[in-house]
Amino acid sequence: MTSRKMLLAESASLIDIKVNLVKNRLWVHEINKHRLSEGEFHTLFSKLKNHPVKFFEYCRMSEPTFYIILEAIRSEIEKEDTNFRRAIPVEERLFLTLRYLSTGCSFRSLAFTFRMGKTSVARIVVETCEAIWNKLSTDYIPEPTSDDWKANANDFCTKWNFPNCLGSIDGKHIRIDQPQHFGSMYYNYKHFFSINLFAISDANYKFIAVDIGAYGRESDGGVLRNSVFFKKLQQNQLNIPEDVELPNTNIKAPYTFIGDEAFPLLTNLLRPYPGKQLLNDQKKKIFNYRLSRARRTVENSFGILSSKWRILNKAIETNVEHAITITKAVCVLHNLVLKHDQLSNPIDNLEEHTTIFKNTVGRQNNRFGRLAKDSRELFTEYFSSEAGSVPWQLDYI
């Protein structure tokens with residue numbers, strides 16, 4: 001065979017390979033060819049719109065709220081038709097993503113019910129979650145102004161009898177699949193792999209701020225110290241108002257956040273007294289009860305979040321970066337649904353579930369200064385005074 005014929009043969013082989021690659025890229029499984037007639041979106045969406053209760057059960061939100069989200073993110077997720085196939089509609093993309101977030105179904109399961117490829121499902125979910133965060137986070141988790149902080153403090157005083165409280169803080173472990181090449185960095189004390197969701201909640205169970213993605217092995221206190229929130233708190237960049245008089249007194253006290261015993265005691269961050277200091281000290285027990293009662297708002301926020309968006313009750317089957325994106329989107333959706341659809345099962349009474357940390361021991365690394373100690377003692381005296389006490393507090397210590 002001459003060299004010319006050999007080159008022609010090689011060229012023909014390369015052409016066949018490229019044609020086969022194109023065919024493989026465009027190939028659709030026989031089952032997925034019937035997406036428009038048998039896919040879950042096409043068989044169910046229009047029917048759910050005729051039944052508002054069922055629509056809410058499926059999407060975890062009302063139809064008007066669904067379209068608020070859709071119009072906000074449309075430009076981010078809308079695709080154009082090509083010569084080879086029609087683009088998946090934006091409604092179907094959001095519908096699929098909400099089903100994934102609300103049930104925690106695997107990408108493979110949703111691929112079967114929506115008649116799509118597994119890779120397509122995963123890509124749509126991540127793209128839609130990115131769009132939700134990019135387009136809606138500034139509206140539904142905005143950076144608070146001084147007036148916003150004052151409104152939060154007023155709500156905490158009215159609803160939870162804790163004046164000057166800006167928000168309650170806590171952390172939650174978001175379960176993930178074991179990341180590659182990270183050793184035990186994401187392995188937490190509960191014996192599973194996770195990323196940390198650090199959040200501040202207002203008195204109405206909405207998130208004021210979130211910080212997502214810290215290693216699972218880090219403690220709540222460590223996550224706090226490495227957060228953007230803490231850096232701004234130290235640099236006085238949070239727009240926190242000036243000290244104000246406690247109700248029914250002429251005593252000025254700082255505005256403060258509240259957390260559990262895992263966090264440090266600071267001038268603007270109160271934590272409970274450790275158990276060893278509570279012996280025969282009624283005032284400290286009362287302080288712990290009042291703090292714990294108000295602090296439960298953030299735990300309730302996490303409870304509402306994970307009960308509505310059940311993807312958080314299982315390991316997120318993506319890499320760490322995409323798990324962070326999904327968690328961010330869920331936090332935005334949490335606030336958005338609370339604003340537009342309210343709570344379906346409001347939590348009004350925390351009394352029988354409130355503890356006062358009788359058996360806890362203070363962390364050795366939670367050192368605190370004189371100003372922080374004075375701040376806590378000021379609230380301790382106030383809660384036991386005639387001006388700041390509530391009638392039932394002695395029943396719960």
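Before any of the text, the structure's been laid out above.
Residues numbered from 1 in each chain as written. Predicted model: local features only at pLDDT ≥ 70, side-chain atom pairs only at ≥ 80, totals over all residues. Heavy atoms only, no water.

Novice: Which residues make up the pattern of salt bridges, and what values do they have?
Specialist: Going through the model one piece at a time under the given rule, you end up with 14 salt bridges. A salt bridge links Glu127 to Lys79; the nearest nitrogen and oxygen atoms lie 3.7 Å apart. Of this pair, Glu127 sits in helix α8 (residues 118-140) while Lys79 is found in the loop between α5 (63-77) and α6 (90-103), placing the two residues 48 residues apart along the sequence. Lys79 sits in the partly exposed class, given a relative accessible area of 37%. With its nearest N and O atoms 3.8 Å apart, the salt bridge here joins Asp170 to Arg295. You can see Asp170 sitting in strand β1 (residues 165-175) and its partner Arg295 sitting in helix α12 (residues 282-308), a full 125 residues away along the chain. Each member of the pair, Asp170 as well as Arg295, is classed as buried. Shared partners join several salt bridges into a network, and the residues in it are Asp170, Arg295, Arg296 and Glu299. (Salt bridge = Lys/Arg side-chain N within 4 Å of Asp/Glu carboxyl O. Helix = DSSP H or I, 4+ residues; strand = E, 2+ residues; numbered from the N terminus. Buried < 20%, exposed > 50% of the residue type's maximum accessible area, 1.4 Å probe, protein only.)

Novice: Would you mind going over the sheet that holds strand β2 (residues 194-201) in detail, with residue names and values included?
Specialist: Strand order in the open sheet formed by five strands is β3-β2-β1-β6-β7, and the pairing between neighbours is mixed. Each of the sheet's edge strands pairs with one partner strand only, and the pair in question is β3 (207-215) and β7 (269-270). Note that β1 and β2 share eight bridges and pair antiparallel. Across the sheet, Ile174 pairs through a bridge with Ile195, a residue of β2. (Pairing = 2+ DSSP bridges.)

Novice: Describe the packing of aromatic side chains, listing the residues and the values that go with them.
Specialist: Counted according to the given criterion, the structure contains 25 aromatic pairs. Between Phe41 and Phe45, the aromatic rings sit 4.9 Å apart at their centres with planes inclined by 25°, giving stacked as the arrangement. Pair noted here: Phe41 and Phe45 are both in helix α3 (residues 40-48), with a separation of four residues, about one helical turn. Phe41 sits in the buried class, given a relative accessible area of 9%. (Phe/Tyr/Trp six-rings, centres within 6.5 Å; stacked < 30°, edge-to-face > 60°.)

Novice: Can you explain helix α13 (residues 320-341)? Please cite residues and give values.
Specialist: An α-helical segment advances 3.6 residues per turn. Residues three or four places apart therefore align on the same side. With 22 residues, α13 should cover 32 Å at 1.5 Å per step; its first-to-last C-alpha distance of 31 Å lies within 8% of that length. With 17 of 22 residues buried, α13 lies mostly within the body of the structure. Sitting at the head of α13, Asn319 places a side-chain oxygen 3.3 Å from the backbone nitrogen of Glu321. Just past α13, the residue Gln342 takes up positive phi, approximately 65°. (Expected span 1.5 Å × (residues − 1). Polar contact = N/O pair within 3.5 Å; in protein donor to acceptor, adjacent residues only side chain to side chain.)

Novice: Please provide a residue-by-residue account of the environment of Ala72, values included.
Specialist: Among the structural elements, Ala72 can be located in helix α5. As a C-alpha pair, Ala72 and Lys135 span 63 residues in sequence and 6.4 Å in three-dimensional space. Apart from residues lying up to four places away in sequence, Ala72 is in contact with Lys135 and Leu136. (Contact = heavy atoms within 4.5 Å.)

Novice: I'd like a rundown of the environment of Gly369, residues and numbers included.
Specialist: Topologically, Gly369 is positioned in the loop between α13 and α14 (370-383). Residue classification places Gly369 among the partly exposed residues on the basis of a relative accessible area of 40%. Linking Gly369 and Leu266, residues 103 residues apart in sequence, is a C-alpha distance of 7.4 Å.

Novice: Talk me through the pairing of β2; I want residue IDs and the actual numbers.
Specialist: Burial within β2 is extensive, with eight of its eight residues counted as buried. Side chains Ser194, Asn196, Phe198 and Ile200 project from β2 onto one buried face, and the interleaved Ile195, Leu197, Ala199 and Ser201 project onto a second face that is buried too. In this structure, the hairpin formed by β2 and β3 is closed by a connection of five residues, where Tyr205 is found at a positive phi of approximately 75°.

Novice: Now, about α6: what can you tell me, with residues and values included?
Specialist: Between its first and last C-alpha atoms α6 spans 20 Å; for 14 residues at 1.5 Å apiece the expected length is 20 Å, and the two agree. Here α6 lies mainly inside the structure; 11 of its 14 residues are buried. Phi for Gly104, located one or two positions after α6, is positive at around 75°.

Novice: Could you give me a rundown of the side chain of Asn188, with the residues and numbers involved?
Specialist: By the element assignment, Asn188 lies in the loop between β1 and β2. At a separation of 3.5 Å, a polar atom in the side chain of Asn188 contacts the side chain of His173. Of note is the side chain of Asn188, whose polar atom sits 2.7 Å from the backbone nitrogen of Lys190. Look past the residues within four positions of Asn188 in its chain and what remains in contact with it is His173, Ser194, Gly216 and Arg217.

Novice: Account for the packing of α5 against α6, with residues named and values stated.
Specialist: It is the contact of α5 with α6, at a shortest axis distance of 10 Å, that shows an interaxial angle of 115°. Seen along the crossing, α5 lies across α6 with a hand that is right-handed. Every residue of α6 that contacts α5 at Phe66, Ile69, Leu70, Ile73, Arg74 and Ile77 is listed here: Val90, Glu91, Arg93, Leu94, Phe95 and Leu98. Here the contact of α5 with α6 is built from residues that sort into nine nonpolar, no polar and three charged. (Axes fitted to C-alpha atoms, helices over the stretch in contact; angles between N-to-C directions. Left-handed = near helix turned anticlockwise from the far one by under 90°. Nonpolar A, V, L, I, M, F, W, Y, C, P; charged D, E, K, R; others polar.)

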